[in-house]
Every structure is written in C-alpha cells, then in structure tokens.
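# A structural walkthrough
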Amino acid sequence: MPVDFVFYNSLIQFLQPYNATLVAVSKTKPEEAIRELYNCGQRDFGENYVQELLEKKDKLPGDIRWHFIGHLQSNKVKQIVPFVHLVHSIDRLSLLQEVNKQAARIGRVQPVLLQMHIAREETKFGFDQAEITQLLGEKDLAKFPNIKIKGLMGMASFTDDELILRAEFSQLIQTYQQFHVSHPGMDTLSLGMSGDYKLALSMGSNMVRIGSLLFGKRG
Ligand SMILES: *Cc1c(COP(=O)(O)O)cnc(C)c1O
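A quick note: this is a predicted structure, and the numbers were derived from the prediction, not measured. (Residues numbered from 1 in each chain as written. Predicted model: local features only at pLDDT ≥ 70, side-chain atom pairs only at ≥ 80, totals over all residues. Heavy atoms only, no water.)

## Brief notes about the packing of aromatic side chains
Under the criterion given, the structure shown has three aromatic pairs. Relative to Tyr197, the ring of Phe14 lies with its centre 6.0 Å away and its plane at 85 degrees, an arrangement referred to as edge-to-face. One end of the pair, Phe14, is in helix 1 (residues 5-15); the other, Tyr197, is in helix 9 (residues 197-203), and 183 residues separate them in sequence. A relative accessible area of 28% means that Phe14 is categorised as partly exposed. (Phe/Tyr/Trp six-rings, centres within 6.5 Å; stacked < 30°, edge-to-face > 60°. Helix = DSSP H or I, 4+ residues; strand = E, 2+ residues; numbered from the N terminus. Buried < 20%, exposed > 50% of the residue type's maximum accessible area, 1.4 Å probe, protein only.)

## Side note on the site of the ligand
In the vicinity of the ligand there are 13 residues, among which Lys27, Asn48, Ser194, Ser212 and Arg218 approach most closely. Side-chain polar atom of Ser194 to an oxygen atom of the ligand: 2.5 Å apart, as the coordinates give it. A majority-of-atoms criterion places the ligand in the largest pocket. Classifying every residue of the shell around the ligand gives six nonpolar, four polar and three charged. (Near = heavy atom within 4 Å. Polar contact = N/O pair within 3.5 Å; in protein donor to acceptor, adjacent residues only side chain to side chain. 1 Å grid on protein atoms, 1.4 Å probe; cavity = no way out; pocket = protein on both sides within 12 Å on 5 of 7 lines; lining within 4 Å. Sits in = over half its atoms within 2 Å of the grid points. Nonpolar A, V, L, I, M, F, W, Y, C, P; charged D, E, K, R; others polar.)

## Quick notes on unusual backbone geometry
The backbone of Asn19 sits at a positive phi, close to 55 degrees, despite the residue not being glycine. Inspection of the secondary structure assignment puts Asn19 in the loop between helix 1 and strand 1 (21-25). Even without being glycine, Thr28 reaches a positive phi, approximately 65 degrees. Within the element layout of this structure, Thr28 appears in the loop between strand 1 and helix 2 (31-39).

## Re the nonpolar core
One finds Phe45, Ile90, Leu114, Phe169 and Leu214 to be the most contacted residues of the largest nonpolar core, which totals 62 residues. When residues of this core are assigned to their parent elements, the largest contribution, six residues, is made by helix 8 (residues 162-182). (Core = buried A, V, L, I, M, F, W, Y, C linked by side-chain atoms within 4.5 Å.)

## Describing the pattern of salt bridges
Pairing between side chains becomes possible if they bear opposite charge and their charged atoms approach one another. Counted according to the given criterion, the structure contains 10 salt bridges. Residue Asp63 is joined to Arg43 by a salt bridge in which the shortest nitrogen-to-oxygen separation is 3.3 Å. Highlighted residues: Asp63 in the loop between helix 3 (50-59) and strand 3 (65-68) and Arg43 in the loop between helix 2 and strand 2 (44-47), separated in sequence by 20 residues. A salt bridge links Arg65 to Asp44; the shortest N-O distance between them is 2.8 Å. Of the two residues, Arg65 is situated in strand 3 and Asp44 in strand 2; the sequence distance between them amounts to 21 residues. (Salt bridge = Lys/Arg side-chain N within 4 Å of Asp/Glu carboxyl O.)

Following this line, the structure appears as structure tokens:
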C-alpha cells in the first residue's frame with residue numbers, strides 16, 4: 001500500500017494553525033515508505049520496536065529525527081540512547097533511571113516525555129497523575145541530570161465515544177498545563193493518533209502520532 005500523499009499534504013496544512021508537530025508512525029512499514037515521506041519533507045518518524053528501529057535507522061538518511069513511542073524494555077535503552085530524538089514512552093521510574101544512566105555514560109542529555117496512563121484499558125502503560133506530580137517536584141528531577149523532560153504523552157482508550165476521549169484527554173491536559181507554567185522547558189504534549197488527532201489538537205495537543213492514515217492499516 002503506497003503512502004497517501006494527498007492526505008499527508010492536507011494533514012500538514014491542518015496542523016499549521018495548531019503549531020503542532022507530526023510524528024509519522026512507521027512501525028511495521030518498510031524503509032521505502034519512510035523514504036517516500038522523507039522526500040516530501042517529513043523528518044519526524046516514530047517507531048515502537050528497538051530492533052526494527054535499529055535496522056531502519058542504518059539504511060535511512062541521518063537527519064531523520066527518530067521518536068521512540070513503544071513500550072521500552074530497560075535492557076534495550078542502551079541501544080537507542082545514542083541517537084534517539086525523543087523517547088515518548090517513559091512509563092516507570094526504573095526506566096527513567098536507566099535512560100539517565102545510559103545517557104550519562106555517553107555524555108548526552110536525553111529528551112523524554114512522561115507517559116501518563118489515561119485509558120480505561122489496563123493494558124496501556126504509564127504513570128498516574130500523583131506519580132507525575134511527585135516526579136516533577138524539584139527534588140526528584142535533580143536526580144536525573146542526564147534527562148530533559150520535555151512534556152507528557154498519552155494514549156486514550158480505543159473508542160469512538162467522544163465523551164470518553166474528552167475525559168481521558170482532559171486529565172492529561174490539566175496535568176500538562178500545571179507543569180508547563182512551572183517548568184518552561186516542558187513544552188510538548190504528545191496526544192492524538194489516526195482516530196482521535198482532531199479532537200486532541202482542539203484540546204491543546206501540539207504533537208500528534210499518526211500511522212495508519214499515512215501508511216495504511218497495519219497487518
Ligand atoms: C501505533 C501507535 C500510534 C499510531 O497509531 P495509528 O492509529 O496507526 O495512527 C501512535 N502512538 C503509539 C504509541 C502507537 O503505538
């Protein structure tokens with residue numbers, strides 16, 4: 001299935017007034033599909049699996065900004081920290097510690113987002129609001145000198161019910177707004193996928209992660 005360029009161009013237009021960044025989610029899709037979108041000017045791509053990301057990265061242009069958006073095992077952190085632009089999926093304290101440790105080893109400050117658990121589904125990962133509040137307290141942040149927390153990420157429940165989506169998004173947006181004021185470097189809210197990005201943008205998202213609408217459904 002070819003990349004949908006007509007949709008891509010209309011999406012770029014649509015995002016402009018929101019000043020929002022598009023992360024093109026290319027998991028399971030071949031390098032050629034990424035290259036096609038790259039040739040249209042797209043530079044931010046999102047991947048979910050470490051091994052797949054490493055294989056693709058080696059074959060694709062060096063100025064791609066790779067976003068890691070999947071559940072990340074601690075023992076794989078070392079492999080992506082040298083190059084990854086933004087880790088969206090920091091969902092537990094031990095992972096934050098490992099990213100800090102691996103970034104320190106190579107003298108890097110790794111930009112990350114904290115993933116907040118907003119969906120009803122138990123299967124989705126993330127911190128709750130109290131944990132985020134605790135973590136963003138001044139003392140706790142000082143424990144992670146090689147991490148830069150750029151903002152928050154969330155995934156809503158898989159539903160068409162706008163009331164549920166709104167309620168879940170609001171939790172995240174309220175938490176984000178609270179810290180956006182006290183932490184000036186926290187300027188990224190990664191919220192919205194193919195099914196719900198318009199709603200997410202209308203509520204304040206400034207980074208959307210879109211896969212299937214661009215690359216076609218995944219098998
Ligand atoms: C797969 C994935 C996406 C993209 O989903 P689509 O519905 O295909 O747009 C976005 N965010 C995360 C965390 C994902 O795993």
